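If you want the building blocks of each chain, they are given just below.
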There are 2 protein chains.
Amino acid sequence: MRQRPPFSEVSRRTLLSTLAGLPALSGTLLSTSAPAQTTAPGGALPSWNDGAAKRAILDFVRVTTNRTGPNFVAPEDRIATFDQDGTLWVEHPMYTQVVYCLERVPTVVAKETKLKHIESFKTVLSGDREAMARLTMHDLEKILAATLTGMSVDDFEAEVKKWLETARHSRWNRPYTELVYQPMLEVLRHLRENGYKTYIATGGGQDFVRVYSERVYGIPPEQVVGTMGGTKFGYGKDGKPFLTKEPKLLLNDDHAGKPEGIHMMIGRRPYAAFGNSIGDQQMLEWTAAGAGARLKMLLLHDDAAREYAYGPAEGLPDSKIGTFTAALYDEAKKNDWTVISMKNDWRRIFAFE
Amino acid sequence: MRQRPPFSEVSRRTLLSTLAGLPALSGTLLSTSAPAQTTAPGGALPSWNDGAAKRAILDFVRVTTNRTGPNFVAPEDRIATFDQDGTLWVEHPMYTQVVYCLERVPTVVAKETKLKHIESFKTVLSGDREAMARLTMHDLEKILAATLTGMSVDDFEAEVKKWLETARHSRWNRPYTELVYQPMLEVLRHLRENGYKTYIATGGGQDFVRVYSERVYGIPPEQVVGTMGGTKFGYGKDGKPFLTKEPKLLLNDDHAGKPEGIHMMIGRRPYAAFGNSIGDQQMLEWTAAGAGARLKMLLLHDDAAREYAYGPAEGLPDSKIGTFTAALYDEAKKNDWTVISMKNDWRRIFAFE
């Protein structure tokens, strides 16, 4: 049995021991703008260097849309799934959603004053990262439950939207939604232009990612598969119905949960899947097990200068966020999955560069 | 708290007491063909008589697609949800999926021979409908679990597909998939032609309905929201991954579960919702609570001659399958939802007529 956390919308593998690496929580600065998505002047993937990875993508699209070839895929079956954290946007030093939860604590405590007497909330409020790293899983669950559940789905959406406008990544001092990988935006667009339906399959919270997925990735909410919490239908005093986010985990969309979530939300096996960590292994295996041409790609973060470098595959530093093990690397090589080297395959990483 | 059955993919409200009304289980006859979907010779809804219901649909589509009007809906927000049993196809005298489960019992018992010693399985095998009506909820759960779970998702799909080819409805002696309402197929098509994404939101099993939804309704599997059971990812002896259907209920997509399931699977509020029973009440309320023009429609089965007549609204006979209460009728009238009279609003019911 894999671990099934009792609730919440965020993947918490490894969370505790990485809190120490978290930068000071960002203040709320001003202004934001959507990342530029310039259209390809020459070819479909202008931010990609020529090489095996770029070729694999272009070849896959060509053969699966060639009506007279043996690998043609009917338009309605063209499904592509993308992990988010570390595949579509930056996940270091900490998953954006976890930063959100921690930064929400002061607001939540201000409303629910009795929380300020709870040790774990005190710890987060103190900003002492060493102490935060010592929080137990049980502590953390309380924090996630308090910040991700208990409100209406509309209120949650409004809160996340507002936070995204002002929160900044510590390294680039930019909104998190600008820290999306330009080469991957080009892949999304190229697939869609060729009739593929692009989905996110994330260990992050489905409702969290839906807030910005359309604006940032061109992926509508109904094409976001993520960790799912239950909601509860009820009526307000005015008789108006609303849905409350409940502290009840329905599906932890990570590891084996990714193919399970894909089956539940899509009901078809993907023809293409992109990931970057052991949490994506089963999604790629599930994709690979289908007949015909299937595109299986893993992004290796091997570019400390422009982004981050972590593995521990290929002798890169170990990481508890977005772990890419040597075993996963071996599986990829053995089964002809394509490993994308951020350093070598990407000419440009962010639109703002 | 509403009732949350512990597992399975079928809504079991009222099931037990209606088994007595079930006709002899159909034999496996031969041949099948998709229902004809003739295109409108004059207008979008040729199988509808002129009247308030037809007008409500046409008006709704017109105002929400009129770019210069106050009720314009952006194309990406055009979501329409449809209950299935009793709204898109016949649900009397018994939900088709329940007939499937009962008819699967001999096959399942042949494989799992120890089941034949269990009283409830013996009862189903006996064909004694009086005895079947006395089965407890616990008995029935075992039967549903045995016939809807424990196999791979691929095997389940193949089994349902095969059954649909030969199973026949007792009254019309036709495949269940021909017993879809031609007027509703026209509504689905009219909405899609105007940029709406059409979804099913059914109390039936999501995986069951997905087997035929594209062929029968033009609704792809990813647009089927239904009662959801968990799956479990694992590997076969050959190392190939597969998903097994588990006896674990994730969401009972009925009553309050409908807006909850719609939120989970779509993440947007529908602009149009169609139902026919108290199980659809909350979906219509959720739809109605959104701003702008919203289409809320309930089908009343008041045509014993051409289909069935049941309520108990409007003095029609009471029914435990697809109950349409007087209270629901009152809510509809009070809130300006449209009640479709099968007898008066539908010129034709089935494509084969």
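Analysis parameters
Residues numbered from 1 in each chain as written. Chains lettered and ligands numbered in written order. Predicted model: local features only at pLDDT ≥ 70, side-chain atom pairs only at ≥ 80, totals over all residues. Heavy atoms only, no water. Least-squares fit on C-alpha atoms with pLDDT ≥ 70 in both. Contact = heavy atoms within 4.5 Å. Buried area = accessible area lost by both parts, 1.4 Å probe. Salt bridge = Lys/Arg side-chain N within 4 Å of Asp/Glu carboxyl O. pLDDT = per-residue confidence, 0-100. 1 Å grid on protein atoms, 1.4 Å probe; cavity = no way out; pocket = protein on both sides within 12 Å on 5 of 7 lines; lining within 4 Å. Points joined across faces, edges and corners; volume = space filled by probe spheres on them. Helix = DSSP H or I, 4+ residues; strand = E, 2+ residues; numbered from the N terminus. Nonpolar A, V, L, I, M, F, W, Y, C, P; charged D, E, K, R; others polar. Axes fitted to C-alpha atoms, helices over the stretch in contact; angles between N-to-C directions. Parallel < 35°, antiparallel > 145°, perpendicular 65-115°, else oblique. Buried < 20%, exposed > 50% of the residue type's maximum accessible area, 1.4 Å probe, protein only. Expected span 1.5 Å × (residues − 1). Bend = angle between axes of the 7 residues up to and from the residue. Pairing = 2+ DSSP bridges. Right-handed = clockwise from strand over helix to strand, strands pointing away. Left-handed = near helix turned anticlockwise from the far one by under 90°.

**Brief notes about the relation of the copies chain B and chain A**
Consideration 1: Superposing chain B onto chain A takes a rotation of 180° combined with a translation of 0.0 Å along the rotation axis, leaving an RMSD of 0.0 Å. The superposition of one copy onto the other is thereby described by a two-fold rotation axis.
Consideration 2: Same-surface contact between copies: 98% of interface residues of chain B are shared with the interface of chain A.

**Focus on the interface of chain B and chain A**
The accessible area lost on association of the parts is a frequent measure of interface size.
Consideration 1: Between chain B and chain A, the residue contacts involve 42 residues of the former and 41 residues of the latter.
Consideration 2: Across the chain B to chain A interface the summed buried area is about 3400 Å²; carbon plus sulfur atoms make up 53%.
Consideration 3: A per-residue breakdown of the area chain B buries against chain A is headed by E222, F233 and M264 of chain B, which together make up 18% of the total.
Consideration 4: Seen at the junction of chain B and chain A, the total is 8 salt bridges.

**So, the confidence of the model for chain A**
All names here are of chain A.
Consideration 1: Within chain A, residue pLDDT values average 90, and 88% of them lie at 70 or more.
Consideration 2: Predicted confidence is poor over residues 1-14, with pLDDT under 50, and the contacts of this stretch with residues over four places away or in other chains come to 58 contacts.
Consideration 3: This stretch, residues 25-40, has a pLDDT under 50; its non-local contacts, to residues over four places away or in other chains, come to 32 contacts.
Consideration 4: Scoring the predicted complex yields pTM 0.90 and, for the interface, ipTM 0.90.

**Comments concerning the layout of surface pockets**
Consideration 1: Approximately 710 Å³ is the volume attributed to the largest pocket.
Consideration 2: Taken together, 25 residues line the largest pocket, and the ones lying closest to its centre are G267 of chain A together with E157, K161, R210 and P221 of chain B.
Consideration 3: Only α7 (153-166) and α9 (206-217) of chain B provide two or more residues apiece to the lining of the largest pocket.
Consideration 4: Sort the elements by how many residues they give to the lining of the largest pocket and α7 of chain B lands first, with 7 residues.
Consideration 5: For the lining of the largest pocket, a count of residues per class yields 9 nonpolar, 4 polar and 12 charged.
Consideration 6: Empty space within the second largest pocket amounts to approximately 510 Å³.

**Some words on the packing of helix α2 (residues 52-65) of chain A against helix α8 (residues 182-193) of chain A**
Residues and elements named next belong to chain A.
Consideration 1: With their axes 10 Å apart at the nearest point, α2 and α8 run at an angle of 10° to one another. Comparing the axis directions of α2 and α8 gives the class roughly parallel. Here I57, L58, F60 and V61 of α2 come into contact with α8, specifically with V187, H190 and L191.

**Thoughts on the pattern of salt bridges**
Residues and elements named next belong to chain A.
Consideration 1: Enumeration over the complete set of coordinates arrives at 34 salt bridges over all chains.
Consideration 2: Between D77 and R268 there is a salt bridge, with its nearest N and O atoms 3.0 Å apart. One end of the pair, D77, is in the loop between α2 and β1 (79-82); the other, R268, is in the loop between α10 (257-265) and β5 (272-275), and 191 residues separate them in sequence.
Consideration 3: Judged by its relative accessible area of 11%, R268 falls in the buried class.

**Some remarks on helix α3 (residues 96-111) of chain A**
All names here are of chain A.
Consideration 1: In this model, α3 (16 residues) spans 23 Å end to end at C-alpha, consistent with the 22 Å of a helix rising 1.5 Å per residue.
Consideration 2: The largest bend along α3 measures about 40° and falls at V105, with the proline P106 one to four residues further on.
Consideration 3: Burial runs high along α3: 12 of the 16 residues are buried.
Consideration 4: T96, Q97, V98, V99, Y100, C101, L102, E103, R104, V105, V108 and V109 are the residues of α3 that are buried.

**Quick look at the pairing of strand β6 (residues 295-300) of chain B**
Residue and element names in this part refer to chain B.
Consideration 1: Taking burial as the measure, the 6 residues of β6 include 6 buried ones, the bulk of the element.
Consideration 2: Going residue by residue along β6, you find L295, M297 and L299 tucked away on one face and K296, L298 and L300 tucked away on the opposite face as well.
Consideration 3: Note: strand β5 (residues 272-275) against β6, 4 bridges, orientation parallel. When the sheet's bridge partners are listed, A273 is paired in β6 with K296.
Consideration 4: Handedness of the β6-helix α12 (residues 326-334)-strand β7 (residues 338-341) crossover: right-handed.

**Some remarks on the sheet that holds strand β1 (residues 79-82) of chain B**
Consideration 1: Spatial ordering of the open sheet is given by β4-β3-β2-β1-β5-β6-β7 (chain B), a layout of 7 strands whose pairing is mixed. Both edges of this open sheet fall to β4 (241-251) and β7 of chain B, since each of them pairs with a single strand only. With strand direction ignored, the average angle separating the axes of adjacent strands in the sheet is 35°.
Consideration 2: Pairing geometry for β1 of chain B and β5 of chain B, over 3 bridges, is parallel. Along β5 of chain B, the bridge assignment pairs T81 of chain B with A273 of chain B.
Consideration 3: Along the sheet, α10 of chain A contacts β3 (224-235) and β4 of chain B; its crossing angle with β3 of chain B, the most-contacted strand, is approximately 155°.
Consideration 4: Along the sheet, helix α8 (residues 182-193) of chain B makes contact with β1, β2 (197-205) and β5 of chain B, crossing β1 of chain B at roughly 165°.

**A word on the sheet that holds strand β3 (residues 224-235) of chain A**
All names here are of chain A.
Consideration 1: Spatial ordering of the open sheet is given by β4-β3-β2-β1-β5-β6-β7, a layout of 7 strands whose pairing is mixed. Each of the sheet's edge strands pairs with one partner strand only, and the pair in question is β4 (241-251) and β7 (338-341). Pairwise comparison of adjacent strand axes, ignoring direction, gives a mean angle of 35° for this sheet.
Consideration 2: Inspection of the sheet shows β1 paired to strand β2 (residues 197-205) by 4 bridges, in the parallel sense. Across the sheet, residue T81 finds its bridge partner in β2, namely Y199.
Consideration 3: Here α8 sits on the sheet and contacts β1, β2 and β5; the angle it forms with β1, its principal contact strand, is near 165°.

**A few points about the environment of V124 of chain A**
Residues and elements named next belong to chain A.
Consideration 1: Positionally, V124 belongs in helix α4 (residues 119-126).
Consideration 2: For V124, a relative accessible area of 3% translates into the label buried.
Consideration 3: A sequence separation of 22 residues divides V124 from L102, and the C-alpha atoms of the two residues are 6.8 Å apart.
Consideration 4: Beyond its immediate stretch of four places on either side in the chain, V124 contacts L102, V105, M132, L135 and I143.

**Overview of the packing of helix α3 (residues 96-111) of chain B against helix α4 (residues 119-126) of chain B**
All names here are of chain B.
Consideration 1: Between α3 and α4, the least distance of the axes is 9 Å, while the angle of their chain directions is 115°. Both α3 and α4 take part in a crossing whose hand is left-handed. Here L102, V105, P106 and V109 of α3 lie close against α4, whose contacting residues are F121, V124 and L125.
Consideration 2: Counted by class, the contact of α3 with α4 contains 7 nonpolar, no polar and no charged residues.

**As for the pairing of strand β6 (residues 295-300) of chain A**
Residues and elements named next belong to chain A.
Consideration 1: Note that the unit made of β5, helix α11 (residues 281-288) and β6 has a crossover that is right-handed.
Consideration 2: Examined bridge by bridge, β6 and β7 share 4 bridges and lie parallel to one another. Looking across to β7, one finds that L299 is bridged to I340.

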